[in-house]
Each structure stands twice: as structure tokens, then as C-alpha cells.
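Residue-level structural notes
Each chain, letter by letter, is given below.
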Protein chains: 2
Amino acid sequence: MTLHTQPVMAKGFRCASIHCGIKEEGPDLSLFISDEPASAAGVFTRNQFPGAPIVVGREVIRKGVLRAVVVNSRVSNVGTGEQGIHNARRMAAAVASSFDLPEDEVIMSSTGVIGRQLPIEKIEAGIAQIDRHLCTDPLVGAEGIMTTDTYPKAISMEVEGATLTLIGKGSGMIEPNMATMLVYILTDAQIPAAALDRMLREAVKDSFNMLSVDSDTSTSDTCLILANGLAGPVDHTRFAEALKKGCIEMTRLLARDGEGATKLLTATVEGAKDEKEARFIAKALINSPLIKTMAYGADPNIGRILMAVGKCTECTISPRDLSITINGTLVYENQGRVNFDEGKVRSLLEGDHVEIITSLGVGPATATAYGCDLTNGYIEENAAYYSS
Amino acid sequence: MTLHTQPVMAKGFRCASIHCGIKEEGPDLSLFISDEPASAAGVFTRNQFPGAPIVVGREVIRKGVLRAVVVNSRVSNVGTGEQGIHNARRMAAAVASSFDLPEDEVIMSSTGVIGRQLPIEKIEAGIAQIDRHLCTDPLVGAEGIMTTDTYPKAISMEVEGATLTLIGKGSGMIEPNMATMLVYILTDAQIPAAALDRMLREAVKDSFNMLSVDSDTSTSDTCLILANGLAGPVDHTRFAEALKKGCIEMTRLLARDGEGATKLLTATVEGAKDEKEARFIAKALINSPLIKTMAYGADPNIGRILMAVGKCTECTISPRDLSITINGTLVYENQGRVNFDEGKVRSLLEGDHVEIITSLGVGPATATAYGCDLTNGYIEENAAYYSS
């Protein structure tokens, strides 16, 4: 279950990204397609203003079978009413027609500006000629779904003779709830849809649902898994483990490449009363602007960590039992600051990963949350963003 | 109940701020004192790592009588264990001794760095000579309690022949829960402690508890009210109205002067199912980094507003009934963008106040939350902050 250094595509899947004219330049339309019908499962944003692709996608996924995923960037098809629903269906219909697939086995995503209609004719024209661009490099598919991501994200691994490929995008408006951002997981393992659904939900719980770039929940979050069976059956337990591992790795990539981020920030909470509280406190830590700016400034600010744990007023916290470790150095225990080497910790914090571990000492539960630092880059990117 | 253009002190109260040597320069120690015993009430942070002054202050306030409030800035006396408690008591004892007051009628606050012991000898030496600096300008008291505030904050008003003076500080680590930051309210009205307590909690609920600069809850939040009775009895209903009005005005000042802020951001939610949901959604709006950066960038980004309302997944929201007004201009209704004058709205958003009103159309409840934009100034202030 080690990651490939260069991601490869699961057998029987291909992808393409082209420029169809929604963005001024660069790829803005991607297709992922399976040679065979694939069992499929998906989880979607719980935001109450979901995009049209989410509304339609929830219908499509019920069948548990997919052949293709079509995705555009730049315009999210959110807040677009009936016409948006109609346009989402037209995306699927265009793929079904071009590739001679059942329309209800094609699912779609859109990402980008909210409240604008899709330029559907451009997308249809793009789909009509995308077949000749199909290839087996997952990074090609990843490139077409980027918005403010700084690089395309795809990873893969072998499990039990099958290949598991994950393709994702993240960046901003990210605190997923139920699913996240856009992540497509393609595998040639043979697994029924119901089992895929269970495995996906379990993996998402500890990975994408523990990610927050900025505490804002996108209206387009989607995570899909397609299993076309070409590599035959696999041990479900081992596959589920690999899936969770892959999802966590993708979560780390998405967190590290959050808008404006210069480093990955992870918070692990140990010894919490129960899993719910462990997750809540870990999220509070990575969402705290004062901890995020502390990570950016590479300062081991114990007070901010105490504050962020303590503001979880509904959780069970025993101040005398709390200890804190920053990048491997114990900095706080027995209700007091430990006399640690500040220079050493500061230099560790200058690196690519700020890791905070808080041990609560009140119970058995553990959770890890994934985020990033908060920098001028985030402000500049989002203050300069024009919605029209 | 109109605000004075220049704040004045309620009768029988005086204040002083001096430099006692905790900060490198500028006032760092303040005293507020009443000539007569005052009925008193207070609310404190719900953070589970409260500072020593909060622990001691909760004991002191039980008596319902105060003569003096002593406050230092630069060191918060949080995360300081038994020695911190001892030092908080020493602050009160020093005031009691200098002014011949009962020790249990002196309350203390400390604000600043967490996890460092107070330089208590400097504070005691300062208290020993603060009497000669006492004056009746509330801005003098406000100046000594500042941390990263850019100016001292005090307001006052007349109500029923009595004077109500509010002195506060805010800036960062601010999403109060129960009380907030440091706010001292001094009045010469005659009101029993139990009534004061009720009025204070009611006022705080719609003012300081609806404020968030950065969603982080300070470990030192304190709001106290002292009523020395020198102006005689007042109508409780009218006084309570004035108190709430004053607290909301102070909330606006604190929000507008949040760390790095260039403008006030307010979010009003109308037509919510109930008050709890109205408050929750209004808070979600002002805490959203994407809305805060949109305010900074002066962009009427409807998508981000839909996102922030929609991410309140436990609230009752009916997309078809939602409408949105930005600075007085209707921008969204009937599930679609209104064709509004974008140039005009952008120029309004360039001003000092971004005002978002969302009408949910699902119930009778309304709430307003107060915040500020998110700017490079916040990042710079907090990434550069060294905890040692």
C-alpha cells in the first residue's frame, strides 16, 4: 500500500482535459471514463445551496453504476435555478451521446464562480471533440479541474493486485461536510456499489471531513469512487484501509495547497472523551485564525493553543491533564509551560509542516484534522476575487 | 438616550492610567474607582482555560458590590497556575490597601500575552502611586487597557437623569461567549445588583455576544457594570434599553477596530425560524473568511453569501424564499441574481461599513452580528506576534 512516486491510472480508465473556452486560457473541461460499467458511490456537500450538479448527481449516483464523470472549471453552476439543472443534464447528455453511454451513467461536476450560468454550448462543443484527447495520465485529468490550486493533484497505489487512483482539487471555500471539494477515485478492483459506499463514507470521515482550509463549506463538494472490476475481486478490509490511506494523503495535499498556504498544519487530539469531541477540538485548532497565523509566523504560541482548546466550551477538558507537543517537542504539561528549546522549535516551525498534538487525558478518543497556515496570499487571492 | 459626542464619566467615578513598566512604554495599568460602594454585576468568558483574574473575579462578583476595578495590559495572567491566582489577589489587595477599601470589593483584569507570570511587584508599585493620577476622563482609563487597539474606546449617554459610561478594549482573539473582551460600564444610576445582572446579560446577548473579530474566544473576556446610585433611582426598562444601546455601540466600535480591520461588517438575518438560528447564521456570515475578504475587496459576491448561509446545515433554510440586500441594494431574490447596479454597490462597499441583510422568509426571528473585514493587517499583526 505504498504510494506510487508517479501516479498511474487504474486499468480501464482514461481521462482528458481540454480548453473549451470557459477560462481565457488553459484546460477548463475534463472527462474521466471507464471502458466498462463501474460500481460507484459518492458523497456530496451538505451546504443548503448545493450546485445543480449536486442536485442531479445525487439522482444519478442512486443507480450505483457510472461510466463517466465530466467536469468543468471556472463556473460552478450554483445559484442558477432551473436553467442550471437543465444545463447539468445537458453536460451528461452530451457525453452519453458522444460515447454512446446511458445518460444515467454519466455524472457531472462544475467548479468556479457561483451565480453565473454555464456557457453550455462551449461545453457541448468541447465534449464533442474530447475523445481524441483521452489518455491514461491522471495528472492530465487533474489539471482540467483546477481553480486556484497551484498544481494538479493525483496519487495512486497498488492494493491486492488492483490499482487505486485519486484525483482531486481543493484550494479555498473548504471545510467539507460529508464530502469535499472535487475528488474522483478510480479503481479497477471489483467491489459492489453498496460496499463501495460504506468504504467511501468511512474513509471520508477521517480524511476530507477533517480538512479545513478556511472553515467555509463549498456548494460543490463532491467525492466519487468508481470501481470497474477489471482487476478482479479484492479483500475488502485491505482495500478499505488503502482507500482511507489514499484519502488522507490527498487531504494532506489539498490542505498544503490551500489558498495562500505556505505550510501544512495538522492538529491531533488524543485522550478525548469521545470521537465527536476529539474531532471537534482538532477542527477548532486548525480553524483558529490565531493558530493559523502562528503557524505562518513560526511561533510556538502555547497561549493560542490553550485558547483554542478552551473555546470548545461543550467539550470535556481538564486543564490539569492537558499536555501539548509542537513538532515533536513537549511544550506544556502540569498546567505550565515546559522549559523547552524555543530556538529549535521555531526552526522546526519554519518548515513545511506544523504539527500540534494535544493530549487531553480525559478519555480514549483520537482525531487528526488537516489545514494550512493563514497568509497574506489568502487575503490577496480572495480580496482581489471579483464575482462577476 | 443619544450618545455624547465627547464621553463623560458617570458621577462619583474616577479613573487613572499609568506606565508601571510592564510594557516598554505607554500606559499599562488602569484603575476605575467609585466614591461610594456600587451594586455590580459581571459576565466572563466561557473559555475553559480562563485567566486567573476570571477565576478570582467570579468569586468577587458574587457579593454584588464593587468599589474598584484594576487592570493591567501586556500580560494576561492566563495559564499561570496557583501563582497566577495569588498574583490576581495581590492586585486587589494592593488597591484595597492604597484606597482603604474592602479587598472583596476590588476586581481585577489582565490582558495580553498568555502563559507568562505577571510582574506583580511593578504592578504593586504602580498601584501605590496611582491615586494622584485619578481624573474623570473615561478615555484616560480606556487608554491604559489597550493592547492592539488602535485608539481608546469610551462612550457615554444620559438616561433618566443618570449617566452611563462604557469603556472597552477589543481587537483580536475575539468571539466572545457569554461576555467579551474587557468592557467596564459605570453608572451613577441606583439599581440593585440582581437587576443589574439581568439587564447586563440581556444587553450582552445582543451586543458583545454577537461580535466576532476572528472567531477565537479570549481567555480573559470580562464585562462588568457598576452602579453607585449617586444619581438616584431610574426606570429599569428605560435604563435597560439605554444599556443595550450603549453595548451595541461599543460592539460596533470594537468590531470596526478589530485587528487589521479597514471596515465594519454587519450581518442581519431576518425571517429566521427562531432566534437561535438567526444568531447562528448571522455569526456564520461575519465569521466567513470569504465574506470578510469580500468586504475588504469591496466585491458584492452573492455566491459567498449563499455559501455561508447554506453551510448552516442544521438551520431551516428555504432557497426559494431567500433574498439578499447589500448596503441597501437588493441583489438576490427568487433564486436568482437581481440585475443591480454593480458599480454603485462596489462604491458603497468601498466605504467604512459593509452591511449584509439576508431575509430567510421562514419565520419571525431576527439577529444582527458584528465583525470586520479580514486584511493583510490581521495576518501581519498575528504572524509577527511573538509569544515570548
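Here is what the cut-offs are and how they apply
Residues numbered from 1 in each chain as written. Chains lettered and ligands numbered in written order. Predicted model: local features only at pLDDT ≥ 70, side-chain atom pairs only at ≥ 80, totals over all residues. Helix = DSSP H or I, 4+ residues; strand = E, 2+ residues; numbered from the N terminus. Rg over C-alpha atoms; globule rule 2.2 N^0.38 Å. Buried ≥ 20, exposed ≤ 12 C-beta atoms within 10 Å, placed from the backbone. Contact = placed C-beta atoms within 7 Å. Domains from an automatic or database assignment. Nonpolar A, V, L, I, M, F, W, Y, C, P; charged D, E, K, R; others polar. Pairing = 2+ DSSP bridges. Axes fitted to C-alpha atoms, helices over the stretch in contact; angles between N-to-C directions. Parallel < 35°, antiparallel > 145°, perpendicular 65-115°, else oblique. Left-handed = near helix turned anticlockwise from the far one by under 90°. Expected span 1.5 Å × (residues − 1). Arc of directions from axis to C-beta.

Glancing now at the overall build of chain A. The helix and strand tally for chain A stands at eleven helices and 14 strands. Rg of the C-alpha trace for chain A: 21 Å, near the compact-globule value of 21 Å for 388 residues, within the 12% margin. For the C-alpha atoms alone, the extent of chain A along its principal axes is close to 70 × 50 × 35 Å. In chain A, which comprises 388 residues, the share counted as buried stands at 60%. Pairs at least 24 apart in sequence give 81% of the contacts found in chain A among residues at least 6 apart.

One frequent convention defines the size of an interface as the accessible area lost when the parts assemble. Residues and elements named next belong to chain A. When the domains of chain A are assigned, the result is domain 1 (13-256) and domain 2 (264-383). Put simply, the middle of domain 1 and the middle of domain 2, counted by C-alpha atoms, are 32 Å apart. Residue-level contacts link eleven residues of domain 1 with 14 residues of domain 2. Partitioned by chemical class, the residues of the side of domain 1 that touches domain 2 number four nonpolar, five polar and two charged.

Residues and elements named next belong to chain B. By the secondary structure assignment, Leu139 is in helix α4 (residues 138-144). We classify Leu139 as partly exposed; it has 17 C-beta atoms within 10 Å. It is 29 Å that separates the C-alpha atoms of Leu139 and Gly115, two residues lying 24 residues apart in sequence. Excluding residues that lie within four positions of it along the chain, Leu139 makes contacts with Pro7, Pro152 and Ala154.

What follows deals with the pairing of strand β6 (residues 162-169) of chain B. Residue and element names in this part refer to chain B. When you tally the buried positions in β6, you get eight out of eight residues, the bulk of the element. Alternating residues of β6 divide into Ala162, Leu164, Leu166 and Gly168 and Thr163, Thr165, Ile167 and Lys169, and every residue in both groups is buried. Looking at chain direction, strand β5 (residues 153-159) and β6 are connected through seven bridges and run antiparallel. Residue Ala154 lies in a different strand from β6, and its bridge partner there is Ile167. Remark: two residues form the turn of the hairpin made by β5 and β6, two consecutive strands paired antiparallel; Glu160 in that turn has positive phi of roughly 55°. Judged from the six bridges that link them, β6 and strand β7 (residues 182-187) form a sheet pairing that is antiparallel. Each bridged residue has a counterpart across the sheet, and for Leu166 the counterpart in β7 is Ile185.

What follows deals with unusual backbone geometry. Of note in this structure, Glu160 of chain A is not a glycine but carries a positive phi near 55°. Given 16 C-beta atoms within 10 Å, Glu160 of chain A falls into the partly exposed group. Of note, Arg74 of chain B is a non-glycine position whose phi angle comes to about 85°, a positive value. For Arg74 of chain B, the position within the fold is in the loop between β3 (65-72) and α2 (81-99). Judged by the 20 C-beta atoms lying within 10 Å of it, Arg74 of chain B falls in the buried class.

Our focus in this paragraph is the packing of helix α8 (residues 289-297) of chain B against helix α9 (residues 302-310) of chain B. Residues and elements named next belong to chain B. Contact geometry of α8 with α9 gives a least axis separation of 9 Å together with a crossing angle of 155°. On the basis of their axis angle, the class for α8 and α9 is roughly antiparallel. You can see that α8 and α9 cross each other, and the crossing is left-handed. In contact with Leu290, Ile291 and Met294 of α8, α9 contributes Arg304, Ile305 and Ala308. Considering only residue class, the contact of α8 with α9 consists of five nonpolar, no polar and one charged.

Bringing the packing of helix α8 (residues 289-297) of chain A against helix α11 (residues 376-383) of chain B into the picture now. At their nearest, the axes of α8 of chain A and α11 of chain B sit 8 Å apart, and the two run at 65° to each other. Considering the angle they form, α8 of chain A stands roughly perpendicular to α11 of chain B. As for how α8 of chain A packs across α11 of chain B, the hand of that crossing is right-handed. Mapping the contact onto sequence places Leu290, Thr293, Tyr296 and Gly297 of chain A in α8 of chain A and Ile379, Asn382 and Ala383 of chain B in α11 of chain B.

All names here are of chain A. Among the secondary structure elements, Cys223 is positioned in strand β8 (residues 222-227). Exposure remark for Cys223: the 29 C-beta atoms within 10 Å place this residue in the buried category. Considering only alpha carbons, one finds Cys223 and Cys315, 92 residues apart in sequence, at a separation of 30 Å.

All names here are of chain B. Spatially, the six strands line up as an open sheet ordered β12-β11-β10-β13-β9-β14, and their pairing is mixed. What marks the edges here is a single partner per strand, and that holds for β12 (336-337) and β14 (365-372). By the bridge criterion, seven bridges tie strand β9 (residues 264-272) to β14 in an arrangement that is antiparallel. Each bridged residue has a counterpart across the sheet, and for Val269 the counterpart in β14 is Ala367.

Our focus in this paragraph is helix α5 (residues 193-206) of chain A. Residue and element names in this part refer to chain A. Between its terminal C-alpha atoms α5 stretches 21 Å, which fits the 20 Å expected from 14 residues at 1.5 Å a residue. For α5, every residue scored as buried is listed here: Ala193, Leu196, Met199, Leu200, Ala203 and Val204. Mapping the buried residues of α5 onto a view down its axis gives an arc of 130°, with all of them on the same face. Contact partners of the buried residues in α5: β2 (29-44), β8 and α6 (236-256).

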